[in-house]
Amino acid sequence: MSTEQTKGVREIEIFSRFVSTSKLPIDLGTIEKREPPQPDILCTHLDDGPVAFELVEICDHNLAEFVSTVSEG
């Protein structure tokens, strides 16, 4: 599986967990990965219809540096 495919699978997993945890009225069966320049995720809101989401990863620089140091050693 390519890196982009792996990233896409991971994005769908994370978004699905977010939807389940948040109890957003999203039809889990409609979540799909989209290709650039489209937003990352397209799905169906049960009340409002199609919605799209652009995902970002927020990571503290110090935490990232620490994790890379620990995994190297």
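Computed from a predicted model, the values in this text were never measured in an experiment.

Q: When you look at the side chain of Asp40 in this model, what are you seeing that I'm missing?
A: Counting through the fold element by element, Asp40 comes out in the loop between β1 (26–33) and β2 (41–45). Polar side-chain contacts of Asp40 include one of 3.4 Å to the side chain of Lys33.

Q: Would you mind showing me how to read the sheet that holds strand β3 (residues 49–53) here?
A: Pairing between the strands of a sheet comes from backbone hydrogen bonds, and it takes one of two forms, parallel or antiparallel. What the three strands build is an open sheet, ordered β1-β2-β3; its pairing is antiparallel. Two strands close off the open sheet at either side, each with one partner strand: β1 and β3. Strand-to-strand, the axes of this sheet are offset by a mean angle of 25°, without reference to chain direction. As judged from the five bridges shared by β2 and β3, these two strands associate in the antiparallel manner. Considered in β3, the bridge of Thr44 is made with Pro50.

Q: Help me understand the pattern of salt bridges in this model?
A: Where side chains of opposite charge bring their charged atoms close, a pairing between them can arise. The tally for this structure, following the rule as stated, stands at four salt bridges. A salt bridge links Glu11 to Lys33; its shortest N-O distance comes to 2.8 Å. One end of the pair, Glu11, is in helix α1 (residues 3–22); the other, Lys33, is in strand β1, with 22 residues separating them in the sequence. Exposure remark for Glu11: the relative accessible area of 10% places this residue in the buried category. Owing to a relative accessible area of 23%, Lys33 belongs among the partly exposed residues under this scheme. For the salt bridge of Glu32 with Arg34, the shortest nitrogen-to-oxygen distance reads 2.4 Å. Under the relative-accessibility criterion, Glu32 is labelled partly exposed at 32%. Each member of the salt-bridge network shares a partner with another, and the members are Glu11, Lys33 and Asp40.

Q: Would you explain the environment of Ser22 in this entry?
A: Its location among the elements puts Ser22 in helix α1. Within the structure, Ser22 has its side chain in polar contact with the backbone oxygen of Val19 (distance 3.2 Å).

Cut-offs applied
Residues numbered from 1 in each chain as written. Predicted model: local features only at pLDDT ≥ 70, side-chain atom pairs only at ≥ 80, totals over all residues. Heavy atoms only, no water. Helix = DSSP H or I, 4+ residues; strand = E, 2+ residues; numbered from the N terminus. Polar contact = N/O pair within 3.5 Å; in protein donor to acceptor, adjacent residues only side chain to side chain. Pairing = 2+ DSSP bridges. Axes fitted to C-alpha atoms, helices over the stretch in contact; angles between N-to-C directions. Salt bridge = Lys/Arg side-chain N within 4 Å of Asp/Glu carboxyl O. Buried < 20%, exposed > 50% of the residue type's maximum accessible area, 1.4 Å probe, protein only.

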